[in-house]
Amino acid sequence: MKFTELEKIGKGKITKLSRDAEIKELVTDTRNISIRSGVLFFAIEGINHDGHEFVQEAYDKGVRCFVVEKEIKLPDDVNILEVRHSLSVMQWIVTYHRLLFTYPVIGITGSNGKTIVKEWLAQLLDYKFKIVKSPKSYNSQLGVPLSVWQMSDQHNLGIFEAGISERGEMARLEPMIKPTLGVFTNIGEAHNAGFESLQQKANEKAQLFAGCQKVIYSAAYPEIEQALESVFSADTELIPWTVERQEKGVVEMIIGEQILSLRLKFSDPASIENSLQCAAVLHVMGFGVEMIQTRLDTLSSVKMRLEMKQAVNRSYVIDDTYNNDLYGLEVALDFLHRQNQKSKKTVILSDLYQTGLSSDALYQRIDDLMRNLNIHRLIGVGTEISEARGLFHTQAEFFASTDAFLSSDFQVQDEIVLVKGARDFQFERVVERLEYKAHGTIMEINMESLTNNLNYYRARLRPEVKLMVMVKAFAYGGGNFEIANLLQFHKVDYLGVAYTDEAVELRKSGIHLPIMIMNASPDSFRFLKEYNLEPEIYSLEQLFDFNDFFEGEEQVPAIHIKLETGMNRLGFKSEELKRLVEVLKLHKRIKVKSIFSHLAGSEDPRHRDFTLKQGRVFEEMSDLVMKALWYKPLRHLVNTAGIDNYKAFHFDMVRLGIGLYGFDPVMSEEQKLSIVSTLKAHVSQVKHIKEGESVGYGRLGFAKRDMKIAIVPIGYADGYARAFGNGVGKMSIAGQWVPTIGNVCMDMTMLDVSAVEIKTGDEVVVFGESPTIQDLASWVGTIPYEILTSISQRVKRTYVSG
Ligand SMILES: *Cc1c(COP(=O)(O)O)cnc(C)c1O
């Protein structure tokens, strides 16, 4: 399709045309730009993200074709189509694209299990078909067109999922997917807000199958049955299945006239349902029961997200060993590219199957991508990729098999390594080799939750209000590079840290956002200029030190003036302002970037009057300084709780802290934040002890009866306070709370697990969804801030991302 043809379908207007181009790739996210020509960038205005802000970045990466919703400024060598709604134009293009292919397409919808069923069907069928499928869980109004656009005549089976959250949406997804075979997984309460009833939701979802020849579903859901029967004509064959009997891992299912007896690898109810759904599809596609069984035996569980873990030799490893399609590789390479913790980046990649491209085109494309994304090194594993070695310009080494690679003397050092391979290469073994395993206790940081929380607070700000995020104290225990890196990607305006060395570390790991340092001592001033850092200045004495230090220099770092308005911590008092203003007028090269103060009780309604007074005092004091200056510094006052409670005090910027990390300091009823940090350990040993025996140092814990205890490798040196000992603290094992017994030791804690099923190696949650950091804080009379920031650096952090 040519760019100029878009005008006809999109009902928009071409406002700039330099040279017509063939459209090869649709992109909404500058991170996914890989090839240099034929990329069409859609600027989409979302709730948290305005794509129009990224057009320049897209241009810089070589994009020349744009679909936009408002006027944009770009050089003349571009093509621009202006439309009312960019996304609809994309959906239109894809609807047209779909019509070019006549091979079967499986369409999947339902409340749960869509992605698993899709991935499993691909696992089951990939030995026989060239499959094109939705990457990850791309099932939305945007995800579906991006998925279906990948269809090419190199494939012979499509598998796509569709998800909706309100009425009317399926009618837009259906013509893009146009499934020939439908799977309706189930219907439940997930995402109910947009519907009046479960039945209405089922009816809406059933629209996906409007043109299907056959639809498979479980008869256990009467709403699905009713939805399908009311919607369809006699041309559609409805194929329900039921479970007849289920015993010891063997399930008898009835489908049509047939009874299939199958051994399943998974025993939880959701996996059983998903497995049977897949078995039903295979049956309908004509597979015999033996073949279905053979294929089911190969299923492996599906990991839904990318994980970055600490690796040996100060490296990180990104584990993406479950997915081997090209689009998944692009997503993973981009994820790798976005990590700035280490500048050196390596990809370990196996042969790729089913990409729909010839070997030459495929590996050329991958080489292109890697060069565009500044990937330094490739390790290719497999015969195909090894044969293509001539195509790679990146530094590369090749091995015929995983075994050959693992027995080589491969090393990593100060780098980030993406491990990605087809299942039969068993790259879990590679990850296992690289992973850092000194200490089994880990703090898992969920980057998607962080993003959700960031967006929650962003949505509370007037559009012109800037956002500073506090990443002091190792980003409240979460890890400053990783989190700062995410914040930089999401374009927050400022970062705040406590000390200069924290800021220097951030710069060294590639963070270029402006950084304010709250406590910059004179001996650290020398780093300010070198690393482009901005100190808070809170007293005349410090201001003089600062001025002296940069004596005679033309350029000095910008500063932030802290005012004392009631906290009685650092800050200029009102009686010092006159002098402050004089000094600033005298030394005009000192530029005040912002004026701010800090609220002492913004979370607590009892301090409302006090806080309002702090706000008024801040306004008066900052006015006084502003009047004396000939430019306008930013003003900021509120922290997390103040964002929610004191909208009138947002001024030009807010400072977000604890809320980003998942604790809501105003403790509102609704669960508006997502849990970010989960601290986990694994049971080292389980022991039975007799009534009257004691447990641990100081013999404080006594068994009142015969009991079972578990030893967990986390102690006060990890930040699990001694105060949690002797039953004060509880941890969670498979959702059940168990109390500590005896004193907490330096590296270990004992739990009373008499009431639970448990064995060595089982996971124990110290905090996370349950118990929460609030629970821990209340048990020992402290605040969540202290719980989070106490977790010691020796506890390994892992980052999970969707
Ligand atoms: C830590 C800090 C914040 C953030 O406070 P939260 O309560 O975590 O939101 C804001 N401003 C200053 C000056 C801080 O020191």
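Note that the structure is a prediction, hence the values are computed from the model and not measured.

Chemist: Could you clarify how one ought to interpret unusual backbone geometry in this entry?
Modeler: Peptide bonds are, in most cases, trans, and in most cases residues other than glycine have a negative phi. A cis amide bond, omega -10 degrees, links S770 with the succeeding residue P771. Note that P771 resides in the loop between strand 37 (763–767) and helix 25 (773–779).

Chemist: Explain the packing of aromatic side chains to me, please; I cannot follow it from the model alone.
Modeler: The description of an aromatic ring pair uses the distance of the two centres, along with the angle that the planes make with each other. Tallied over the full model, the rule gives 23 aromatic pairs. Considering the side-chain rings of F618 and F651, the 5.1 Å spacing of their centres and the 80 degrees angle between planes classify their relative orientation as edge-to-face. A residue pair is termed long-range when its members are at least 10 positions apart, and F618 in helix 23 (residues 608–628) and F651 in the loop between helix 24 (640–645) and strand 28 (653–656) qualify at 33 residues. Of the two residues, F618 and F651, neither departs from the other in class, the shared state being buried. Ring geometry for F649 and F651: centres 6.3 Å apart, planes at 10 degrees, overall stacked. For the residue pair F649 and F651, the accessibility class agrees, reading buried in each case. Among the aromatic residues, ring-to-ring pairing joins F525, F546, F549 and F550 into one connected group. When the ring centre of W630 is taken as origin, the NZ or CZ atom of K588, which lies over that ring, is 5.2 Å away. A cation over a ring is seen here: K591 above Y631, with NZ or CZ 5.1 Å from the ring centre.

Chemist: What is the right way to look at the environment of L336 in this model?
Modeler: For L336, the position within the fold is in helix 11 (residues 326–338). For L336, a relative accessible area of 0% gives the class buried. Once the C-alpha coordinates of L336 and V347 are considered, the two residues, 11 residues apart in sequence, prove to be 8.9 Å apart.

Chemist: Explain the UniProt feature "modified residue: N6-(pyridoxal phosphate)lysine" (unreviewed entry) in the chain to me, please; I cannot follow it from the model alone.
Modeler: Mapped onto the present numbering, the UniProt feature "modified residue: N6-(pyridoxal phosphate)lysine" (unreviewed entry) falls on K472. By the secondary structure assignment, K472 is in helix 17 (residues 472–476). Discounting residues that sit within four places of it in the chain, K472 has contacts with G496, V497, A498, E502 and M518.

Chemist: Help me out: how do you make sense of the side chain of D604 in this one?
Modeler: By the secondary structure assignment, D604 is in the loop between strand 26 (592–596) and helix 23. Within the local environment of D604, its side chain forms a polar contact with the side chain of R606, the two groups lying 2.7 Å apart.

Chemist: Looking at this structure, how should I read the sheet that holds strand 3 (residues 39–42)?
Modeler: Within a sheet, each strand pairs with its neighbour through backbone hydrogen bonds, oriented either parallel or antiparallel. Reading across from one edge, 1-5-4-3-2 is the order of the five strands in this open sheet, with mixed pairing throughout. The sheet is open, and its two edges are formed by strand 1 (13–16) and strand 2 (25–27), each paired on a single side. Between one strand axis and the next, the sheet turns by 25 degrees as a mean value, whatever way the strands run. In the sheet, strand 4 (residues 65–68) pairs with strand 5 (residues 79–82) via four bridges, with the strands oriented parallel. For V67, the partnering residue across the bridge sits in strand 5 and is L81. Across the face of the sheet, helix 3 (residues 86–98) comes into contact with strand 2, strand 3, strand 4 and strand 5 while running at roughly 140 degrees to strand 3.

Chemist: Could you clarify how one ought to interpret the sheet that holds strand 10 (residues 214–218) in this entry?
Modeler: The eight strands are arranged 7-8-6-9-10-11-12-13 in an open sheet whose pairing can be described as mixed. Because the sheet does not close on itself, it has two edges, and the strands there are strand 7 (131–133) and strand 13 (258–263). Here the strands of the sheet are splayed against their neighbours by 20 degrees on average, with no regard to which way each runs. Relative to strand 8 (residues 157–161), strand 6 (residues 105–109) is paired through four bridges, and the arrangement is parallel. Residue pairing in the sheet places V105 in a bridge with G158 of strand 8. Seen against the sheet, helix 9 (residues 269–284) touches strand 6, strand 9 (181–184), strand 10, strand 11 (237–247), strand 12 (250–255) and strand 13 and runs at an angle of roughly 50 degrees to strand 12.

Chemist: What's the story with the UniProt feature "domain: Alanine racemase C-terminal" (unreviewed entry) in the chain in this structure? I'm lost.
Modeler: In this structure's numbering, the residues bearing the UniProt feature "domain: Alanine racemase C-terminal" (unreviewed entry) are residues 676–800. With 11% helix and 34% strand, the stretch residues 676–800 has end C-alpha atoms that lie 10 Å from each other.

Chemist: Help me understand the domain arrangement of the chain in this model?
Modeler: Quoted interface sizes are often the accessible area lost when the parts come together. Taken domain by domain, the chain holds domain 1 (3–91), domain 2 (101–296), domain 3 (306–437), domain 4 (445–671) and domain 5 (677–801). On a C-alpha basis, the centroid separation for the pair domain 3 and domain 5 is 38 Å. Taken together, the eight residues of domain 3 in the interface contact six residues of domain 5. With both chains or domains summed, domain 3 and domain 5 bury close to 630 Å², and 50% of this area falls on carbon and sulfur atoms. Broken down residue by residue, the surface that domain 3 buries against domain 5 is led by L306, M308 and Q310, which jointly contribute 55%. Connecting domain 3 to domain 5 are one salt bridge. Between K796 and E435 there is a salt bridge, with its nearest N and O atoms 3.6 Å apart. Joining domain 3 to domain 5, the criterion identifies one residue pair in polar contact (both at pLDDT 80 or more). Of all the elements, strand 14 (residues 306–311) adds the most residues to the side of domain 3 that touches domain 5, at five residues. Tallied by class, the residues present in the side of domain 3 that touches domain 5 amount to four nonpolar, one polar and three charged.

Rules and cut-offs
Residues numbered from 1 in each chain as written. Predicted model: local features only at pLDDT ≥ 70, side-chain atom pairs only at ≥ 80, totals over all residues. Heavy atoms only, no water. Helix = DSSP H or I, 4+ residues; strand = E, 2+ residues; numbered from the N terminus. Phe/Tyr/Trp six-rings, centres within 6.5 Å; stacked < 30°, edge-to-face > 60°. Buried < 20%, exposed > 50% of the residue type's maximum accessible area, 1.4 Å probe, protein only. Lys NZ or Arg CZ within 6 Å of the ring centre and 35° of its normal. UniProt positions renumbered as here; feature names shortened; annotations may be inferred. Contact = heavy atoms within 4.5 Å. Polar contact = N/O pair within 3.5 Å; in protein donor to acceptor, adjacent residues only side chain to side chain. Pairing = 2+ DSSP bridges. Axes fitted to C-alpha atoms, helices over the stretch in contact; angles between N-to-C directions. Domains from an automatic or database assignment. Buried area = accessible area lost by both parts, 1.4 Å probe. Salt bridge = Lys/Arg side-chain N within 4 Å of Asp/Glu carboxyl O. Nonpolar A, V, L, I, M, F, W, Y, C, P; charged D, E, K, R; others polar.

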